[in-house]
Amino acid sequence: MSSRENILAKIKAIPREDSPLPEIPSFGFPMDHKAAFILSIQANKGEVITESELKDFIAINRFEKILNLAKGMESLSTQPLPSDAHELNELEVAIIQGEFGVAENGAIWLTDENLGLRALPFITEHLVIVLEEKALVSNMHEAYQRIGAQHSGFGLFIAGPSKTADIEQSLVIGAHGAKSLRVVLK
Amino acid sequence: MSHPTKASEFLQDAAKAKWHDETLWFVRDKRDTISKTIPEWEQLRELASQIKDNVLANLDQYLIQFEEKARANGIQVHWAKDAEEHNQIVLSILQKHHCKAIVKSKSILTEECHLNPFLENNGVEVVDTDLGERIVQFLNQPPSHIVLPAIHLKKRDISELFHEKLHTEKGNEDPAYLTHAARLHLREKFLGAKVAITGVNFGVAETGEFVVCTNEGNADMGVHLADVHIACMGIEKIIPRRKDLGVFLRLLARSATGQPITNYNSHFRSPAQGKEIHIVLVDNGRTDQLAREKFKNSLKCIRCGACMNTCPIYRRSGGYSYGSVVPGPIGSILSPGLDVKKYSTLPFASTLCGSCTDVCPVKINIHEQLYEWRQEITKAQGTNAKSISMKIANGIFAVPFAYKVTGSMMRGALKILPDSITYSGLNTWGKQRDLPESPKETFKDWYKKNR
Ligand code: SF4
């Protein structure tokens, strides 16, 4: 008997009472979506900025390696998407279009279509996500309703920059992935 | 070695033990604070519990469905009945790709299967990429906590270790500096690895996708730069529907560290072009546990670690005192299922205060199962009053109905008891193996006077 059959047979042999699968209510949300989303992103150590603040951020830091995949920001791009993600190791700023954001926790949904390469939002030094103000949902239940049966090969909720507290529980931003997250709401 | 013996080793460094206790309590406190911001918190716990009950009742069906969907999405699915088979499957994938070095993100399952030493014995370099796990890997230690692997170490220890391994400045203990050094070191490993291994937080039967949650982004750095992704998944990690993720992702990070969600929550459905994803579905004792009516609920665990952070014994005895891969309250009901003799003292490493049960996001009746294991173990060891577990079982802590009544009182007291009491030999899990002489005034009286 293969291990597959072995495991399945062992489970089948166990007498079990059925237990119904509950329906999940969507639950209310007391706060204004935009206000709550901004607070959530800040709590996750990200920032919500305007388009002109983004331009300042790039200018002040004199970033030269910028890859843009967001709508309407093409002029900021200094390099195209490579075919191999390893070539992104020196990337300073990635600008990506987000699908939608979640007010209760600041999570932003991204799919293969937004990312170009799956490594992009992780390997870049700084991450910028462009999000439409009307693309905000209240909580994770509404988020999964919105995702529905979407067929992307890879989907991702990003809620903040890479962080760790593994050394004496002191929060450090920029563990392996992006050292900062900025969200441009428009 | 028994839990009390190892706990006394931990308590030898009193200052560190106190720090450990207070730090984990702080994490527990953060969990409390954030859970109170969600009016439907208790309803979410109930939903999570019901979903997991449904999973356990239909596990075979969901596994079949998950496999079918995952295969249709281009994922290669493997089944392993035990740790040995799991390790062999992983090795054979590595050999097929002539791979001699891998990166691995946090996976308690691969700890359980002792994958690292197995691969190393077969000539494969394994690099754990979670910062805490990399730290303990450098020390040749297992993680001491399932969410906070290096919580037993102080920054001085890590500074010395990094000075030796990564040539950081001697004496520089700044966490940001040390983390940055690890970032540079691990970046190289990420760029060089052809195969990356991850654990799995949730596998969705409906879609065949699986979800991995991290704050560091290390799982994703590994898998998206590698050609091959191997995901190791215990069969109990299945959930029925995609929308169930809404419930679990709301509960997981809030329960674990008091944050609203982990910063990266990756949903893997099919491999990127030209790449491979493998899933290894592992039993390794889970079907045995499912067959134990009294203990099967332990399989509902989503590994948030909240029961450890809240446990007065865990906080004061450290993860290593348990001697099991999963420590703390949940480890004390899972481990005896794997080897009841080896782990016979673990169900006694509890006050039965019930705090673990109170915080558990999937409502596992942890403290009741601890009590059940005590009965099983006591039965198995006969009525010889001299056996260690009997001695403890006959003590005051073995009266669960009494503790059900006084549970909340006890919880309060554990916070307000002065250090001189909790850290002295009076603590059973501390220096002494036997229960202490009854104090002159009863706890009840003491509490009345001092509240
Ligand atoms: S038993 Fe409950 S509280 Fe403990 S780790 Fe598992 S899910 Fe978390």
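Residues numbered from 1 in each chain as written. Chains lettered and ligands numbered in written order. Predicted model: local features only at pLDDT ≥ 70, side-chain atom pairs only at ≥ 80, totals over all residues. Heavy atoms only, no water.

**Notes on the sheet that holds strand β4 (residues 100-102) of chain A**
At step 1: The eight strands are arranged β7(A)-β4(A)-β5(A)-β8(A)-β9(B)-β6(B)-β5(B)-β8(B) in an open sheet whose pairing can be described as mixed. The open sheet is flanked by β7 (136-137) of chain A together with β8 (238-239) of chain B, the only strands paired with a single partner.
At step 2: Two elements, strand β6 (residues 210-214) of chain B and strand β9 (residues 264-268) of chain B, share five bridges in a ladder whose sense is antiparallel. Following the sheet pairing, Thr214 of chain B is matched in β9 of chain B by Tyr264 of chain B.
At step 3: Along the sheet, helix α6 (residues 140-147) of chain A contacts β4, β5 (108-111), β7 and β8 (154-158) of chain A together with β9 of chain B; its crossing angle with β4 of chain A, the most-contacted strand, is approximately 160°.
At step 4: Packed onto the sheet, helix α12 (residues 244-257) of chain B meets β5 (202-204), β6, β8 and β9 of chain B and runs at close to 170° relative to β5 of chain B. (Pairing = 2+ DSSP bridges. Helix = DSSP H or I, 4+ residues; strand = E, 2+ residues; numbered from the N terminus. Contact = heavy atoms within 4.5 Å. Axes fitted to C-alpha atoms, helices over the stretch in contact; angles between N-to-C directions.)

**Some points on unusual backbone geometry**
Residue and element names in this part refer to chain A.
At step 1: Phi is positive for Lys45, close to 75°, though the residue is something other than glycine.
At step 2: In this fold, Lys45 is placed in the loop between α2 (33-43) and β1 (47-49).
At step 3: On the accessibility criterion, Lys45 (47% relative accessible area) is partly exposed.
At step 4: The backbone phi angle of Gln169 is positive, close to 60°, even though this residue is not glycine.
At step 5: Here Gln169 is to be found in the loop between β9 (163-164) and β10 (172-173). (Buried < 20%, exposed > 50% of the residue type's maximum accessible area, 1.4 Å probe, protein only.)

**A word on the side chain of Thr310 of chain B**
Residues and elements named next belong to chain B.
At step 1: Its place among the elements puts Thr310 in helix α14 (residues 306-310).
At step 2: A relative accessible area of 1% places Thr310 in the buried class.
At step 3: A distance of 2.5 Å separates polar atoms of two side chains, one belonging to Thr310 and the other to Arg28.
At step 4: Every residue in contact with Thr310, bar those within four places of it in the chain, is listed here: Trp25, Arg28, Arg315, Ser355, Cys356 and Val359. (Polar contact = N/O pair within 3.5 Å; in protein donor to acceptor, adjacent residues only side chain to side chain.)

**Looking at the pattern of salt bridges**
At step 1: Applying the stated criterion to the full structure yields 41 salt bridges over all chains.
At step 2: Its salt-bridge partner being Glu209 of chain B, residue Arg242 of chain B comes within 2.7 Å of it at the nearest N-O pair. With Arg242 of chain B in the loop between β8 and α12 and Glu209 of chain B in the loop between β5 and β6, the pair connects residues that are 33 residues apart, well separated along the chain.
At step 3: You can call Arg242 of chain B buried: its relative accessible area is 6%.
At step 4: Members of the salt-bridge network, linked through shared partners, are Arg4 and Glu5 of chain A together with Glu67 and Arg71 of chain B. (Salt bridge = Lys/Arg side-chain N within 4 Å of Asp/Glu carboxyl O.)

**Observations concerning the confidence of the model for chain B**
Any residue range with low pLDDT should be treated as having predicted coordinates unsuitable for detailed reading.
Residues and elements named next belong to chain B.
At step 1: Predicted confidence across chain B gives a mean pLDDT of 87, with 84% of residues reaching 70 or more.
At step 2: The low-confidence segment residues 388-438, where pLDDT is below 50, has 95 contacts with residues more than four positions distant or belonging to other chains.
At step 3: In the predicted assembly, ipTM is 0.97 and pTM is 0.89. (pLDDT = per-residue confidence, 0-100.)

**Notes on the site of the ligand**
At step 1: Near the ligand, the surroundings consist of Cys301, Ile302, Arg303, Cys304, Gly305, Cys307, Ile330, Cys360, Pro361, Val362, Ile364 and Ile366 of chain B.
At step 2: Residue composition of the shell around the ligand, grouped by class: 10 nonpolar, one polar and one charged. (Near = heavy atom within 4 Å. Nonpolar A, V, L, I, M, F, W, Y, C, P; charged D, E, K, R; others polar.)

**Looking at the pairing of strand β2 (residues 101-104) of chain B**
All names here are of chain B.
At step 1: Bridging between β2 and strand β3 (residues 125-128) involves four bridges; their strand directions are parallel. Paired with Lys104 across the two strands is Asp128, which belongs to β3.
At step 2: For β2 and strand β4 (residues 195-198), the ladder comprises three bridges, and the chain directions are parallel. Paired with Ile102 across the two strands is Val195, which belongs to β4.

**What to know about the interface of chain A and chain B**
At step 1: With 66 residues of chain A at the interface, the matching set in chain B holds 87 residues.
At step 2: For the pair chain A and chain B, the summed buried area comes to about 6,700 Å², and 59% of that belongs to carbon and sulfur atoms.
At step 3: Interface area lost by chain A to chain B is led by Ile167, Glu168 and His176 of chain A, which between them contribute 12%.
At step 4: Where chain A meets chain B, there are eight salt bridges.
At step 5: As a salt-bridge pair, Asp60 of chain B and Arg16 of chain A come within 3.5 Å of each other at their nearest N and O atoms.
At step 6: Across the chain A-chain B interface, the total number found is 40 residue pairs in polar contact (both at pLDDT 80 or more). (Buried area = accessible area lost by both parts, 1.4 Å probe.)

**Concerning the packing of aromatic side chains**
Note on aromatic pairs: each is described by the distance of the centres and the angle between the planes.
At step 1: If you walk through the whole model with that rule in mind, you get 11 aromatic pairs over all chains.
At step 2: Between Phe202 of chain B and Phe248 of chain B, the ring centres sit 5.4 Å apart and the planes meet at 35°, which makes this aromatic pair tilted. Highlighted residues: Phe202 of chain B in strand β5 and Phe248 of chain B in helix α12, separated in sequence by 46 residues. This pair shows no difference in class: Phe202 of chain B is buried, exactly as Phe248 of chain B is.
At step 3: With centroids separated by 4.1 Å and ring planes inclined at 10°, the aromatic side chains of Phe295 of chain B and Trp373 of chain B adopt a geometry described as stacked. With Phe295 of chain B in the loop between α13 (286-291) and α14 and Trp373 of chain B in helix α18 (residues 366-380), the pair connects residues that are 78 residues apart, well separated along the chain.
At step 4: With a relative accessible area of 5%, Trp373 of chain B lands in the buried category.
At step 5: Three or more aromatic residues joined by ring pairs make a cluster, and in this case those are Phe100, Trp109, Tyr144 and Phe157 of chain A.
At step 6: In this structure, Lys52 of chain B packs its charged tip against the face of Phe248 of chain B, placed 5.6 Å from the ring centre. (Phe/Tyr/Trp six-rings, centres within 6.5 Å; stacked < 30°, edge-to-face > 60°. Lys NZ or Arg CZ within 6 Å of the ring centre and 35° of its normal.)

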